[in-house]
Amino acid sequence: MPNKEQQLPAGFDTYDSIADAQKHNLETWDTTGVTNLYSTSIPLLDKYLGGGFGKEGDFEIVLIHSQPKTYKSTLALMFMMDAVRKGVAQGWVILEGSLAEALNRMRKCFYPYEDFDKCIPQMEKCVFAMSKKMRRSNYSLGDILKWMKYLHSTKGVNLFFIDPLGYAFDFSTRDPYENEWSRQARFMQELAAFGEDTNSTIVLVQHNTKDSSGPNASYRAAAV
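Residues numbered from 1 in each chain as written. Predicted model: local features only at pLDDT ≥ 70, side-chain atom pairs only at ≥ 80, totals over all residues. Heavy atoms only, no water.

Enquirer: Just to check I follow, could you spell out the layout of surface pockets for this structure?
Expert: Vacant regions in the atomic arrangement are exposed by a probe of water-molecule size rolled over the atoms. Here the largest pocket is characterised by a volume of approximately 400 Å³. Every residue lining the largest pocket is counted, 19 residues in all, and those nearest its centre are K69, S73, E96, R105 and H207. Elements supplying a minimum of two residues to the lining of the largest pocket: α3 (72-86) and α4 (99-109). Here the element with the most residues in the lining of the largest pocket is α3; it accounts for 4 residues. Its residues assigned to classes, the lining of the largest pocket shows 6 nonpolar, 6 polar and 7 charged. (1 Å grid on protein atoms, 1.4 Å probe; cavity = no way out; pocket = protein on both sides within 12 Å on 5 of 7 lines; lining within 4 Å. Points joined across faces, edges and corners; volume = space filled by probe spheres on them. Helix = DSSP H or I, 4+ residues; strand = E, 2+ residues; numbered from the N terminus. Nonpolar A, V, L, I, M, F, W, Y, C, P; charged D, E, K, R; others polar.)

Following this line, the structure appears as structure tokens:
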């Protein structure tokens, strides 16, 4: 016989039937899971994804990963172009190259180029990049999260871009006794919690095959 005194752990939603679950969520039935907040700037990809990426009033983490030299960063910047056109505030963590290089790459994706140049005045107010000084200091994964939280609370930023995630894992400082995999997994868990708490969209670029023979290769893929 079942033990009636046993309690379900807090945080679980339970329904007696599928009909009860459907009734509970009926108000958002047509909008649940719709990702059309931003365009990927590629019409066929938007169609495949059901409108684009990002959820209105919700959060989403987008991971773009592939082998080196497959234009992952360029594709990710194309994802950010629609928000640039709309003047949406963004936070960029550029860990490979510079902000100037990223902007130049984005400009090449605009057609015609003049459309990008028209966006420059508003971009000065809506794109916030992690500084070179911070990238060259002993920053931790927690510092990246603090910076993102600061931008959200002070600048209203709900769209973030981290490129590449592997560099954040490799070059950030850590406790010498800290397990590498658990450190990365905890960061991803906290990043997801931040996105959910703030209804943010977070685009991650990850070349998790860049050192597929190295000791940290499995950590990066598993953590994400």
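The rest of the description comes next.
Enquirer: In this structure, what is going on with the packing of α3 against α4? I would like to understand it.
Expert: The packing of two helices is summarised by the inter-axis angle and the distance between the axes. Across the interface, α3 lies against α4 with an axial gap of 9 Å and an inter-helix angle of 75°. Our classification of the angle between α3 and α4 gives roughly perpendicular. Counting all contacts with α3, which are made through S73, T74, L77, M78, M80, M81 and V84, the residues of α4 involved are A102, R105, M106 and C109. Tallied by class, residues from the contact of α3 with α4 come to 8 nonpolar, 2 polar and 1 charged. (Axes fitted to C-alpha atoms, helices over the stretch in contact; angles between N-to-C directions. Parallel < 35°, antiparallel > 145°, perpendicular 65-115°, else oblique. Contact = heavy atoms within 4.5 Å.)

Enquirer: Could you clarify how one ought to interpret the pattern of salt bridges in this entry?
Expert: If charged atoms from side chains of opposite charge come close, those side chains can pair. Taken as a whole and judged by the stated rule, the model has 4 salt bridges. Between D82 and K86 there is a salt bridge, and its shortest N-O distance comes to 3.0 Å. Here D82 pairs with K86, and both are found in helix α3, just 4 residues apart, close to one helical turn. Residue R107 pairs with D117 through a salt bridge whose shortest N-O separation is 2.9 Å. Residue R107 is located in helix α4, and its partner D117 is located in helix α5 (residues 113-126); the two are separated by 10 residues in the primary sequence. What makes R107 partly exposed here is its relative accessible area of 27%. Residue class for D117 comes out partly exposed when judged on its relative accessible area of 35%. Connected through shared salt-bridge partners, R174, E180 and R183 make up one network. (Salt bridge = Lys/Arg side-chain N within 4 Å of Asp/Glu carboxyl O. Buried < 20%, exposed > 50% of the residue type's maximum accessible area, 1.4 Å probe, protein only.)

Enquirer: Looking at this model, I keep getting lost on the nonpolar core. Mind explaining?
Expert: Counting 51 residues, the largest nonpolar core has W92, M106, M148 and F161 as its most contacted members. When residues of this core are assigned to their parent elements, the largest contribution, 8 residues, is made by α3. With residues near it in sequence (within four places) discarded, F161 still touches A76, L77, M80, G91, W92, V93, I94, V203 and V205. (Core = buried A, V, L, I, M, F, W, Y, C linked by side-chain atoms within 4.5 Å.)

Enquirer: How do you make sense of the environment of S39 when you look at a structure like this?
Expert: One can find S39 in the loop between α1 (18-24) and α2 (43-49). Note: C-alpha distance between S39 and G54 (15 residues apart in sequence) is 8.7 Å. Those residues in contact with S39, other than ones at most four positions away along the chain, are D46, F53, M78, F79 and D82. Polar side-chain contacts of S39 include one of 2.9 Å to the backbone nitrogen of S41. (Polar contact = N/O pair within 3.5 Å; in protein donor to acceptor, adjacent residues only side chain to side chain.)

Enquirer: So what exactly am I meant to see when it comes to the packing of aromatic side chains here?
Expert: Ring pairs (aromatic) are described by centroid distance and by the angle formed between their planes. Summed over the entire model, instances satisfying the criterion amount to 7 aromatic pairs. Residues F169 and F187 carry aromatic rings whose centres are separated by 6.2 Å and whose planes lie at 90° to one another, so their mutual orientation is edge-to-face. Residue F169 is located in helix α8 (residues 165-171), and its partner F187 is located in helix α9 (residues 180-198); the two are separated by 18 residues in the primary sequence. Both residues of the pair, F169 and F187, belong to the buried class. (Phe/Tyr/Trp six-rings, centres within 6.5 Å; stacked < 30°, edge-to-face > 60°.)

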